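A closer look at the structure
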Amino acid sequence: MSAIPAENTKDVFPELKARSDDQPPIQRRVKQRLTSRGATIAAVLIAVIWTIPTFGLFISSFRPEANIKGNGWWNVFTDFEFTLANYEDVLSPGGSQSPNLLSYFVNSLAIVIPGTIFTLVLGSMAAYMFAWGRFKGKDSLFIFVFALQIVPLQMALIPLLQLFNQVLAIGEFQLLPSGTYAQLWVAHTIFGLPLAIFLLHNFIAEIPGEVIEAARVDGAGHSTIFWRIIVPLATPALASFGIFQFLWLWNDLLVALVFSGGGADVAPITQRLAELQGSRGGEWQRLTAGAFVSIIVPLAVFFGLQRYFVRGLLAGGLKG
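No experiment lies behind these values; they were computed from the predicted model shown. For every chain, the first residue of the written sequence is number 1, and numbering continues from 1 onward in sequence order. Where totals are concerned, whole chains, interfaces and linings use all residues; where local detail is concerned, this predicted model gives features only for residues with pLDDT of at least 70, and gives and counts side-chain atom pairs only at 80 or more. In computing side-chain values, all of the structure's heavy atoms are included and hydrogens and water are not.

Some words on empty space enclosed by the protein
Whether a set of points on the 1 Å grid over the protein atoms alone is a cavity depends on a 1.4 Å probe fitting there but being unable to get out, while an open set qualifies as a pocket with protein on both sides within 12 Å along at least five of seven lines; lining residues are those with an atom within 4 Å of a point. Grid points are joined across faces, edges and corners, and a volume is the space filled by probe spheres set on the points. Evaluation of the coordinates by the stated rule reveals one cavity of 30 Å³ or more. Secondary structure is summarised from DSSP: a helix means a run of H or I of at least four residues, a strand means a run of E of at least two, and numbering begins at the N terminus for each. Within the residue set of the lining of the largest cavity, elements represented by two or more residues are helix H7 (101-132) and helix H10 (181-204). No other element matches the three residues that H7 contributes to the lining of the largest cavity. All residues other than Ala, Val, Leu, Ile, Met, Phe, Trp, Tyr, Cys, Pro, Asp, Glu, Lys and Arg, Gly among them, are scored as polar; the first ten of these are nonpolar and the last four charged. Per-class residue counts for the lining of the largest cavity are six nonpolar, two polar and one charged.

So, the packing of H7 against helix H13 (residues 235-250)
To describe two helices that pack against each other, one gives the angle between their axes and the distance between the axes. The axes are straight lines fitted to the C-alpha atoms, using for helices just the contacting stretch, and the angles between their N-to-C directions are given from 0 to 180°. Packing of H7 against H13 brings their axes to within 9 Å, and their N-to-C directions diverge by 145°. Crossing hand, H7 versus H13: right-handed. Here H7 contributes Phe105, Ser108, Leu109, Val112, Ile113, Gly115, Thr116, Thr119, Leu120 and Ser124 to the contact with H13, which in turn contributes Leu238, Phe241, Gly242, Gln245, Phe246, Leu249 and Trp250. By convention, the crossing between two helices is left-handed when the near helix turns anticlockwise from the far helix through less than a right angle, and right-handed when the turn is clockwise. By definition, residues are in contact when any of their heavy atoms lie within 4.5 Å.

Re helix H15 (residues 269-276)
Burial within H15 is extensive, with six of its eight residues counted as buried. Three exposure classes are used, based on accessible area relative to the maximum for each residue type with a 1.4 Å probe and protein chains only: buried under 20%, partly exposed in between, and exposed over 50%. For H15, the full list of buried residues reads Ile269, Thr270, Gln271, Arg272, Leu273 and Leu276. In this structure, the buried side of H15 is in contact with H7, H13, helix H14 (254-259) and helix H16 (284-294).

Notes on the side chain of threonine 270
Within the secondary structure layout, threonine 270 lies in helix H15. Among the residues examined, threonine 270 registers a relative accessible area of 11% and is labelled buried. What qualifies as a polar contact is a pair of N or O atoms within 3.5 Å, subject to a donor-acceptor requirement within protein and to the restriction that residues adjacent in sequence count only when both atoms come from side chains. Among the polar contacts made by the side chain of threonine 270, one reaches the main-chain carbonyl oxygen of aspartate 252 at a distance of 2.7 Å. Filtering out sequence-adjacent residues up to four positions away, threonine 270 remains in contact with Trp250, Asn251, Asp252 and Leu253.

Remarks on the layout of surface pockets
Taken as a whole, the largest pocket encloses approximately 500 Å³ of empty space. Lining the largest pocket are 16 residues, and of these Trp50, Thr54, Ile295, Pro298 and Leu299 lie nearest its centre. Elements with a contribution of two residues or more to the lining of the largest pocket: helix H4 (37-60), H13, H15, H16 and helix H17 (296-304). If you tally residues by element for the lining of the largest pocket, the top one is H4, at five residues. Of the residues in the lining of the largest pocket, the class split is 11 nonpolar, five polar and no charged. In this structure, the second largest pocket encloses a volume near 400 Å³. Around the second largest pocket, the lining comprises 15 residues; the ones closest to its centre are Leu153, Phe191, Gly192, Pro194 and Leu195. When contributions to the lining of the second largest pocket are tallied by element, the ones reaching two or more residues are helix H9 (153-167), H10 and H13.

Put into structure tokens, the structure is as follows:
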């Protein structure tokens, strides 16, 4: 019996032709639209427009103070005068005019890394229980958590600060002492949990139920299912939210001002960047250099986890 040529397969089996003529899966349609010529041109234009201010800031960080205050950064194409004095002033230990930025760089890492980890761990655990747990009032509680996202953060700052300094205190002993990293960790975790639970729940709920049921039949408990099944499968979503949370905490100034107490021991880099501009906001040469020092870590985190970030954005919402 001779084999049927591949090009004649659809003629011999009409059902195969009908399947091939069906509308392509949503992933294929989205990919075709995002990779079209028009989408590519639009993406390039947006990237260029978005990059121009950052490029100008970068150029300004190497220009002398007189040039920065005297004309725009685009004049560098006619006046090629550069200096490293701005970075030396910002990074030098015990600078005469500006505080040492490196110590506050370390403070930001000490605030952001635990704050991101705590939010991811607690948020993913709660999201798993909302998705696959069985307890009374689950739906109502999830709606309540979802509704917390619309509460303005500014409304919760003072009540939360009073809770830390008055309620969680026995005499002079404070469970979360003011002016320490602990208050910042707890505050950032509280503010980040509603969004973390909502986003991670949507992803974890899409995991096939057969996988969870098979693990339960084998005798696995919630802890085993979570760490050995949910976490590996939800890695793209966890990385995606981790990037958002990390960048939000790194760039935060309001919560840091309220809960750090303004002390230099726990002040993040954003607080020092605000001080670098001077009492009248005219120290632009130091501010431009300090801004580029501050974005080193966020850029490294974003580009290092970029592949997980893209997977997390597409996962769950694009199913064929």
